[in-house]
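One-letter residues, chain by chain:
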Amino acid sequence: MEGWRRHEQAPPGSMDFNFSGNCTVGPYVNPCIPNSIVQYATPNFEKERLKASIGPVQKRLHFMRVGRFNLSIPAGNPRYEIEAGSFVHQRMQLIAIHPHMHMLGREMKVWARMKDESITPLIHIADWDFNWQGFYWFRTPVTLPIASWIELTAAWDNSAQNPRNPSKPPRDVSWGERTVDEMGHPAILYTLDEEQPK
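Here's what I pulled together on the structure shown here.

### Things to note about the overall build of the chain
So, point 1. Scanning the chain for helices and strands turns up zero helices and 14 strands.
So, point 2. Reading the chain from its N end, one meets helices and strands in the order β-β-β-β-β-β-β-β-β-β-β-β-β-β.
So, point 3. Across the 198 residues that make up the chain, the buried fraction comes to 43%.
So, point 4. By sequence separation, contacts in the chain at least 24 residues apart represent 73% of the contacts at least 6 residues apart.

Shown next as structure tokens:
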């Protein structure tokens, strides 16, 4: 997959987290680091998940999800597909992308459509594997101007022929947090060009 790499070093930005006592950061990241600036999280399921620094933030990382959050995948459907998109209101730099689906996921393709209708591919996972999800960091930030779109198509297999289907026989599946539910969105980390460091 051209244009991205697995995370190896801190991205050029930070996210502020002010913690006191015990806490949980999202459903997949734990433990927390008190009074630190989280610079990146690794997707490798090891004990150390966060790298932190106390230094100043040069660029603030923002987080967005693009997708549909009202899924209803019929039992027996071997290829249920959606399309979704998000309008870019401010010039931004995409830093990383994290496609996310559960066990029925089959394919996700995400791209940017510019104002002139030109296309910049962001990621395409043609054979989804739930165990391989994680952040993919662009080699260089992807610039998106105002009035461009981030668009995606995603597909699921809710048939009895899908060996990863956790329901036997298949059942209707809706959007939800449990692994036996489904999701279908990329999480995107980005910076805003106009935002000044604090």
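### Considering the pattern of salt bridges
So, point 1. What the rule picks out here adds up to eight salt bridges.
So, point 2. Residue Arg91 is joined to Asp193 by a salt bridge in which the shortest nitrogen-to-oxygen separation is 2.4 Å. With a gap of 102 residues between them, Arg91 in the loop between β7 (80–87) and β8 (92–101) and Asp193 in the segment after β14 (184–192) connect regions that are remote in the sequence.
So, point 3. Under the relative-accessibility criterion, Arg91 is labelled partly exposed at 37%.

### Remarks on the nonpolar core
So, point 1. Formed by 34 residues in total, the largest nonpolar core has its most connected members in Leu94, Leu122, Leu144, Ile150 and Trp156.
So, point 2. Put simply, the parts of the chain that give this core at least two residues each are β7, β8, β9 (105–113), β10 (119–125), β11 (136–144), β12 (149–156) and β14.
So, point 3. Non-local contacts of Ile150, meaning those with residues more than four positions away in its chain, are made with Met64, Val66, Ala84, Gly85, Ser86, Val88, Leu94, Val110, Trp111, Leu122, Leu144 and Ile188.
So, point 4. Counting residues in each nonpolar core, the second largest holds six residues, with Leu61, Ala96, Phe135 and Trp137 among its members.

### Considering the environment of Pro78
So, point 1. Position of Pro78 among the secondary structure elements: in the loop between β6 (72–73) and β7.
So, point 2. Through-space distance from the C-alpha of Pro78 to that of Asn162 is 8.0 Å; in sequence the pair is 84 residues apart.
So, point 3. Setting aside residues no more than four positions away along its own chain, Pro78 makes contact with Trp156, Asp157, Asn158 and Ser159.

### Some details on unusual backbone geometry
So, point 1. The linkage connecting Lys168 with the following residue, Pro169, adopts the cis geometry, with an omega of 5°.
So, point 2. Inspection of the secondary structure puts Pro169 in the loop between β12 and β13 (173–174).
So, point 3. Backbone geometry at Glu117 places phi at a positive 75°, although glycine is not the residue there.
So, point 4. Its relative accessible area of 51% is what places Glu117 among the exposed residues.
So, point 5. The backbone of Ala147 sits at a positive phi, close to 80°, despite the residue not being glycine.

### With respect to the sheet that holds β10
So, point 1. With antiparallel pairing, the four strands of this open sheet are ordered in space as β7-β12-β9-β10. At either end of the open sheet lies a strand with only one pairing partner, and these are β7 and β10. Taken pair by pair, the neighbouring strands of this sheet meet at an average axis angle of 15°, ignoring direction.
So, point 2. Sheet analysis places β7 next to β12, joined by eight bridges and oriented antiparallel. Among the inter-strand pairings, Glu81 is bridged to a residue of β12, identified as Ala155.

### Some details on the packing of aromatic side chains
So, point 1. For the structure shown, the criterion picks out four aromatic pairs.
So, point 2. Both rings, one in Phe69 and one in Trp175, keep their centres 6.3 Å apart while their planes meet at 75°; by these two values the pair is edge-to-face. Here Trp175 lies in the loop between β13 and β14 and Phe69 lies in the loop between β5 (62–65) and β6, a separation of 106 residues in the sequence.
So, point 3. Take Trp175: its relative accessible area is 27%, and that puts it in the partly exposed class.
So, point 4. Here the aromatic rings of Phe87 and Trp149 are separated by 5.4 Å at their centres, their planes lie at 70°, and the arrangement is edge-to-face. Taken together, the residues span a long stretch of sequence, with Phe87 in strand β7 and Trp149 in strand β12 at a distance of 62 residues.
So, point 5. For Phe87, a relative accessible area of 33% puts it in the partly exposed group.

Here is what the cut-offs are and how they apply
Residues numbered from 1 in each chain as written. Predicted model: local features only at pLDDT ≥ 70, side-chain atom pairs only at ≥ 80, totals over all residues. Heavy atoms only, no water. Helix = DSSP H or I, 4+ residues; strand = E, 2+ residues; numbered from the N terminus. Buried < 20%, exposed > 50% of the residue type's maximum accessible area, 1.4 Å probe, protein only. Contact = heavy atoms within 4.5 Å. Salt bridge = Lys/Arg side-chain N within 4 Å of Asp/Glu carboxyl O. Core = buried A, V, L, I, M, F, W, Y, C linked by side-chain atoms within 4.5 Å. Pairing = 2+ DSSP bridges. Axes fitted to C-alpha atoms, helices over the stretch in contact; angles between N-to-C directions. Phe/Tyr/Trp six-rings, centres within 6.5 Å; stacked < 30°, edge-to-face > 60°.

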